[in-house]
Amino acid sequence: MSTISNPNGMWPVMLTPFTESGAVDYSSLERLIHWYEENGADGLFAVCQSSEMFFLSLKERLQIAEFVKKHASIPVIASGHISYDREDQAAELREVAQTGVDAVVLITNRMDCHGNDASAWMDNLKFLLDTMDPSVPLGLYECPHPYKRLLTVEEIRFAAETGRFLFLKDTCCDIEVIERRLQAIRGSRLKLFNANASTLLASMQKGAAGFSGVMANFHPALYAKLLKCWRTQPKLAEKIQAYLSLCSQIERQCYPINAKYHLKEHGILTSVYTRSVDPAKLSPLFQQEVRYMDMLTESFCKSLG
């Protein structure tokens, strides 16, 4: 396993392409990897909720993580521990580490699967840390499924102080909370990556390291541009931020199928098949919304030169 000591920039949450029969489509996955890279990704987050990890077997999760790491020219992190029992989680995490990914990401709701015991969360986190190789870099992800378990500032501070965590995928969508979290990790190796498009620019101005959200599956180049220009071209950054905030509303419309439809329209994927959502829910209206957004995005990018 290689290491990533100072992650930053745009880290898309990867989709899992499937064939029409429901098998993992590795040809499309390879094209998708290169599409992310060509559009400015600094790293890839594989085997996450956008990857439909809760609908993948352990064998599939491990194979996907290994495949992405093998074919990517940028760092790759992966999650994939979905079990309820902490012994099973520990075994999953160790196997993910063995795929060679650059960091292994822990799902915050797995340490307290029923969402009612903060002390149990900390106890389970310490258990998992004790069972894993201390040389393996780690991340934390506030995955919304099966429920969103947001971290307290004290929990984030503890993770930072262990020195083992370097990636936090923040899904709180609250700039005041983000600012308190950034204060808690200042000076540590733990970096905060905002998953929310609408608060991205504000979070960067407060000290966030980058973006890791679902909208990088639609127009990643615009996120890459914003992250590169926000310091030197603040007016341009604000213009891009306004556009991204408006477009981000589409993630409420049948994601991840609409993202797969977008990528199929651009020749990256061969199918919109998903396991997590009935593909029939991708209505003609939702398809039209994606096409209109693509038209506007093309025009907007031309206006930026």
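Scoring rules and cut-offs
Residues numbered from 1 in each chain as written. Predicted model: local features only at pLDDT ≥ 70, side-chain atom pairs only at ≥ 80, totals over all residues. Heavy atoms only, no water. Axes fitted to C-alpha atoms, helices over the stretch in contact; angles between N-to-C directions. Helix = DSSP H or I, 4+ residues; strand = E, 2+ residues; numbered from the N terminus. Parallel < 35°, antiparallel > 145°, perpendicular 65-115°, else oblique. Left-handed = near helix turned anticlockwise from the far one by under 90°. Contact = heavy atoms within 4.5 Å. Nonpolar A, V, L, I, M, F, W, Y, C, P; charged D, E, K, R; others polar. Buried < 20%, exposed > 50% of the residue type's maximum accessible area, 1.4 Å probe, protein only. Arc of directions from axis to C-beta. Phe/Tyr/Trp six-rings, centres within 6.5 Å; stacked < 30°, edge-to-face > 60°. Lys NZ or Arg CZ within 6 Å of the ring centre and 35° of its normal.

Moving on, we come to the packing of helix 1 (residues 26-38) against helix 2 (residues 58-71). As a packed pair, helix 1 and helix 2 sit with axes 10 Å apart at the nearest point and diverge in direction by 45°. With respect to each other, helix 1 and helix 2 are oriented oblique. Once helix 1 is placed against helix 2, the crossing between them reads as right-handed. Residue-level contacts link Y26, L29, E30, I33 and H34 of helix 1 to E60, Q63, I64, F67, V68 and H71 of helix 2. Taken together, the residues of the contact of helix 1 with helix 2 sort by class into 6 nonpolar, 3 polar and 2 charged.

Taken residue by residue, helix 5 (residues 153-162) has E155, I156, A159 and A160 as its buried positions. End-on, the buried residues of helix 5 take up no more than an arc of 140°, which puts them together on one face. Within helix 5, the exposed residues directed more than 90 degrees away from the buried face are E154 and E161. Where helix 5 is buried, its residues meet helix 4 (118-131), strand 5 (138-141), strand 6 (165-170) and helix 6 (175-185). One or two steps after helix 5, the chain reaches G163, where phi turns positive at roughly 75°.

Here the focus is the packing of aromatic side chains. Evaluation of the coordinates by the stated rule reveals 10 aromatic pairs. Measuring from ring centre to ring centre gives 6.1 Å for W11 and F193, while their planes differ by 70°; the resulting arrangement is edge-to-face. Here W11 is found in the loop between strand 1 (9-10) and helix 1, whereas its partner F193 is found in strand 7 (residues 191-194), with 182 residues between them in sequence. F193 carries the same exposure label as W11, and that label is buried. Look at F45 and F167: their rings are 6.1 Å apart centre to centre, the planes differ by 75°, and that puts the pair in the edge-to-face class. Taken together, the residues F45 in strand 2 (residues 44-46) and F167 in strand 6 connect sequence positions 122 residues apart. Of the two residues, F45 and F167, neither departs from the other in class, the shared state being buried. Members of the aromatic cluster, each reached through a chain of ring pairs, are W11, F45, Y141, F167 and F193. The side chain of R110 reaches across the aromatic face of Y84, ending 4.5 Å from its centre.

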